[in-house]
Amino acid sequence: RFSVLPAMATTAHTTHSAHRIAPCGSHHPRVLQGTRRARAATSLAAFSSQGCLKSSAHSAVPNSWRRRYGGGSESLSQCSKRQRAVDTTTTTTTTNYEGVPTVTDLSGLGAVENQVGMTYRSLDALPTRKEVLAAIPAHCFKKNTAKSLLYAFTSTALTAACGVLGYLFIPLQAAYWPAWVAYAIVTGTVATGAWVVAHECGHGAFSDNRRLQDAVGYALHSALLVPYFSWQRSHAIHHANTNHLEEGETHVPAVAGDPKGDGGLIAKSKIGELPWTVLNSIIVLLFGWPAYLIAGASGGPVRGATNHFWPWAGEQGRHSLFPGGWKKKVLMSDVGVFAVIGLLAYWAYAAGSIMPALALYVGPYLVTNAWLVGYTWLQHTDVDIPHYAKDTWVWAKGAFSTVDRPYGAILDFLHHRIGSTHVAHHVSHEIPHYNAVKATEALKETYPKLYLYDPTNIWVALWRVCTKCTAVERRTDSKMVEKDMYVFVN
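Because the structure is a prediction, the values reported are computed rather than measured. (Residues numbered from 1 in each chain as written. Predicted model: local features only at pLDDT ≥ 70, side-chain atom pairs only at ≥ 80, totals over all residues. Heavy atoms only, no water.)

Caption draft 1: Geometry of the overall build of the chain. Helix and strand counts for the chain come out as 15 helices and five strands. Here the chain holds 490 residues, and 56% of them are scored as buried. Counting only contacts in the chain whose residues sit at least 6 apart along the sequence, the fraction spanning at least 24 positions is 71%. Surface accessibility of the chain: about 20,800 Å² in total, with carbon and sulfur atoms responsible for 63%. (Helix = DSSP H or I, 4+ residues; strand = E, 2+ residues; numbered from the N terminus. Buried < 20%, exposed > 50% of the residue type's maximum accessible area, 1.4 Å probe, protein only. Contact = heavy atoms within 4.5 Å. Areas by Shrake-Rupley, 256 points an atom, 1.4 Å probe, with all protein chains shown as cover.)

Here's what the structure looks like:
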C-alpha cells in the first residue's frame, strides 16, 4: 500500500545512521530521505530553519511523491552518477548498477533505481500562477513561425520517408511480419513528432498567425485521425484542471470504494500482479486513446461519457465538454477525420486488399497512439503522485504534480522534448517547445522544491505505473505531508 509502516517496523529492519550531503546547487546540506518509495519514519516537523531534513524514528509519512532537485550549476545527470550517501533510517539498502545507493522501503514495494536528491516540502505556501509565470524569461514565450514550420516539415518528412521505405523494401507477405512490426514501431515513433507539432498548434504555441497555426494542426491531426478542435478543447481543460479528481481530463484515476476502482483492485488481486500488469498495459496503451475519444474513458467524472465526435454526448450543463460554439468546431473536426478514413477506404478498394493500408498506416497509427497515451500517463501518474478533490485542489498543486522524465537524445529530438520539459509546458502551454528547456531551467532555479523530475528509466517507470497505479484512496492521516489528498492504493 501507499504508506510506510509505523515506527514499530524498526524492530524488523536495521537502523542505519543518516549522512548529510548537499543536493545539486544547494548551499545548505540536507539529509536525503532515500528513494521515491523509501523515506520511512520521517517527520515534517524535522525541517530545520535552513530547510534541512532530519530523520525521526517515531513518525511516518507516505512514500514522498516529491522528487525535488535544486537549480544549481551541476546537471542532474552528474548528480545521479556521483556516489552519495542517503539516509537509510529503518530501511534496508541495495545498490544499482551505477553504484548509486538505492533503498528498499518498508512497505515492500522494492527499490527504484537511481533515485537521489529527493526531499519533502510543504504545500502550505504555494506561488500564484502569475508569480510562476514571472519566473520564466519573457523570450521563452516568443513564437518563431519559420522555426515552427521547420519542425513540422521535419517530422512530416521523416514520417513520409519511413512510409516510402516500407512500401519499397518490405514485401507484403506473411513471412515478413517481423519486418512489418519493426516498421510499425519505427514509423509510429517518428510520426509521434508530427502529433506533437499538431499538439503545439492546438495550444497556440506554434505561431502568432492563428489561421496558419490551425491549418497546420488540423491537417496533421486529421492525418492521424485526431479531431483537432475537439481535442484542443478537451486538452485545454486537462491543463486547467491537472490532477483534479473530479474536474480533471484524461488519466483521472478511479477511486477505491467506487465500483470502477474496486473492480480494478479485485481483478488485480484475483489474476495476480504480473498478469494484471500485462493486461493493464495492453488495454491502456492499445485501446486507451480511442476509448477516450469515443467514450470519455479516464475523463473527468463530472462530464460523464463524452464523445469527441458527437458533442451532445455526456454532461450538457455547467461541466459540458463542448459548450456553445465548440459543438460546431467538433463537427468541423469530424470532417477532417472522416475524410482521411475515406481516403484509407479508397486505398484499400483500389489495391484490392485492406492489407497495404493495415501494414503501412494502421500499424504505425497504433504505435503513435501508444506513445501519446504513455507520455500522458507518465507525465501525471506514479505511485507517489497525489490527486486532489475540489476543496483542496489549486492550480500550483496541479501544475507542479507534472513530472519530467529522461527520454534520451533520440526521443527528445523526434518528439520535441514533450516528456522531458512537460512541467514548463503545464505552467504555460503557450511556450514553444524549442524554448521549453530554458523555461525549465528557470523553474528549477526559482522553485527547486516544487519542480518534479524522476530519473527512473522510462520503461521501468511505465511498468511501475502499469503495476501499481490502479485506484486512489483518500488519506487524511495526521502524519501525511498534506492532510487531505488521494494517493494510489498499493
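After that view of the structure, there is still more to cover.
Caption draft 2: Quick peek at the sheet that holds strand β4 (residues 471-475). Spatial ordering of the open sheet is given by β3-β4-β5, a layout of three strands whose pairing is mixed. In the strand order of this sheet, the two ends are held by β3 (254-255) and β5 (485-488), each with one partner. Across two bridges, the pairing between β3 and β4 is parallel. Bridge pairing in β4 places V255 opposite V472. (Pairing = 2+ DSSP bridges.)

Caption draft 3: Main features of the packing of helix α7 (residues 259-271) against helix α8 (residues 273-295). Taken N-terminus to C-terminus, the directions of α7 and α8 make an angle of 130 degrees; their axes are 6 Å apart at the nearest point. Between α7 and α8, the angle is such that the two are oblique. Facing G264, A267, K268 and I271 of α7, the residues of α8 in contact are E273, P275, W276 and L279. Counted by class, the contact of α7 with α8 contains five nonpolar, one polar and two charged residues. (Axes fitted to C-alpha atoms, helices over the stretch in contact; angles between N-to-C directions. Parallel < 35°, antiparallel > 145°, perpendicular 65-115°, else oblique. Nonpolar A, V, L, I, M, F, W, Y, C, P; charged D, E, K, R; others polar.)

Caption draft 4: Representation of empty space enclosed by the protein within the structure. Within this structure, the stated rule accounts for three cavities of 30 Å³ or more. Estimates place the volume of the largest cavity at around 100 Å³. For the lining of the largest cavity, the elements supplying multiple residues, two or more each, are α4 (177-203) and α13 (422-427). What the second largest cavity holds in volume is close to 60 Å³. Considering the residues around the second largest cavity, the lining is formed by H238, N241, T242, N243, H244, G248, E249, T250, H251, V252, H380 and H387. Of the residues assigned to the lining of the second largest cavity, the class counts are one nonpolar, ten polar and one charged. (1 Å grid on protein atoms, 1.4 Å probe; cavity = no way out; pocket = protein on both sides within 12 Å on 5 of 7 lines; lining within 4 Å. Points joined across faces, edges and corners; volume = space filled by probe spheres on them.)

Caption draft 5: Region of interest: the packing of α8 against helix α10 (residues 355-380). Taken N-terminus to C-terminus, the directions of α8 and α10 make an angle of 110 degrees; their axes are 7 Å apart at the nearest point. By the angle between their axes, α8 is roughly perpendicular relative to α10. The hand of the α8/α10 crossing is right-handed. Contact residues: α8 offers N280, V284, L285, L286, G288 and W289, while α10 offers L366, N369, A370, L372, V373, G374 and W377. Along the lines of polarity and charge, the residues of the contact of α8 with α10 split into nine nonpolar, four polar and no charged. (Left-handed = near helix turned anticlockwise from the far one by under 90°.)

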